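Breakdown of the fold
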Amino acid sequence: CAELMCRGKAMKDFKGPDCRFVNFKKGETVYVYYKLIGKSTELWAGSIGSDFGYFPKDLLDINHNYTNEELELPTDETDFVCF
């Protein structure tokens, strides 16, 4: 995780479909590190405690921005693989 972008509260429970996603309960604090673009604009990546993964951005109510600066980084298909 390079730089913390923002944090928010989960508006409802979320259980991801596989290990790439982070699960959370309504009301938990979620820290956002990446906002995906391209084919996955609806997903952000962040953490709850020591768990890190993707989640639908619409489930988060942002309550604090750490930065407004955004940097586009290239990705590889292996960046999204479960082990």
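In the block above lies the structure referred to throughout.
Below is a summary of the structure that appears in this document. (Residues numbered from 1 in each chain as written. Predicted model: local features only at pLDDT ≥ 70, side-chain atom pairs only at ≥ 80, totals over all residues. Heavy atoms only, no water.)

Structural notes on the overall build of the chain
The condition is simple: Helix and strand definitions follow DSSP, with helices as H or I runs of at least four residues and strands as E runs of at least two, each counted in order from the N terminus. Classification of residues uses two cut-offs on accessible area relative to the type maximum, computed with a 1.4 Å probe and protein chains only: under 20% is buried, over 50% is exposed, and between them is partly exposed. Here, two residues are considered to be in contact whenever any of their heavy atoms come within 4.5 Å of each other. Note on areas: Shrake-Rupley with a 1.4 Å probe; residue coverage comes only from the protein chains shown.
Summing up its helical and strand segments, the chain has zero helices and five strands in all. Traced from its N-terminal end to its C-terminal end, the chain shows the element sequence β-β-β-β-β. Out of the 83 residues belonging to the chain, those deemed buried represent 30%. In the chain, of all internal contacts separated by at least 6 residues, the share reaching a separation of at least 24 is 53%. When the accessible surface of the chain is totalled, it reaches about 5,900 Å², and 49% of it is carbon and sulfur.

Re the nonpolar core
Convention followed: The definition of a nonpolar core used throughout is a set of buried Ala, Val, Leu, Ile, Met, Phe, Trp, Tyr and Cys residues joined through side-chain atoms within 4.5 Å.
With 17 residues, the main nonpolar core has F14, F24, V30, V32, Y54, F55 and L60 as its most contacted residues. Contributions of two or more residues to this core are made by β1 (6-10), β2 (29-35), β3 (43-48) and β4 (51-56). With four residues, the top contributor of residues to this core is β3.

Re the pattern of salt bridges
Selection criterion: Salt bridge criterion: a side-chain nitrogen from Lys or Arg within 4 Å of a carboxyl oxygen from Asp or Glu.
Applying the stated criterion across every chain, the model contains one salt bridge. R20 is the partner of D18 in a salt bridge, and the nearest nitrogen-oxygen pair spans 2.6 Å. Note on D18: relative accessible area 28%, which makes it partly exposed.

Here we look at the sheet that holds strand β5 (residues 60-65)
Our working definition: Two strands pair under a simple rule: DSSP has to find at least two bridges between them. Here the axes come from fitting lines to C-alpha atoms, over the contacting stretch only for helices, and the angles between their N-to-C directions go from 0 to 180 degrees.
Spatially, β4-β3-β2-β1-β5 is the arrangement adopted by the five strands of the open sheet, whose pairing is antiparallel. If you trace the sheet from one side to the other, it starts and ends with β4 and β5, each paired once. In this sheet, adjacent strand axes meet at a mean angle of 40° when their direction is disregarded. Bridge count between β2 and β3: four bridges; the pairing is antiparallel. Along β3, the bridge assignment pairs V32 with G46.

Side note on the packing of aromatic side chains
So the rule is basically this: Here is the rule: rings of Phe, Tyr and Trp (six-membered ring for Trp) pair when centre to centre is within 6.5 Å. Planes less than 30 degrees apart are stacked, more than 60 are edge-to-face, and the remainder are tilted. Both a distance and an angle decide whether a charge sits over a ring: NZ of Lys or CZ of Arg must be within 6 Å of the ring centre and within 35 degrees of the ring normal.
Taken as a whole and assessed by the stated rule, the structure comprises six aromatic pairs. With centroids separated by 6.3 Å and ring planes inclined at 70°, the aromatic side chains of F21 and Y54 adopt a geometry described as edge-to-face. In this pair, F21 sits in the loop between β1 and β2 while Y54 sits in strand β4, placing the two residues 33 residues apart along the sequence. For the pair F21 and Y54, one class covers both residues: buried. Ring plane angle 90° and centroid distance 6.4 Å describe the contact between Y34 and F52, whose orientation is recorded as edge-to-face. Of this pair, Y34 sits in strand β2 while F52 sits in strand β4, and the two are 18 residues apart along the sequence. Residue classification places Y34 among the partly exposed positions, given a relative accessible area of 32%. Accessibility expressed as a relative area gives 36% for F52, which makes it partly exposed. An aromatic cluster is built from F14, F21, F24, Y54 and F55, whose rings are joined through pairwise contacts. Across the ring face of W44, the terminal group of K35 is positioned such that the distance to the ring centre comes to 4.8 Å.

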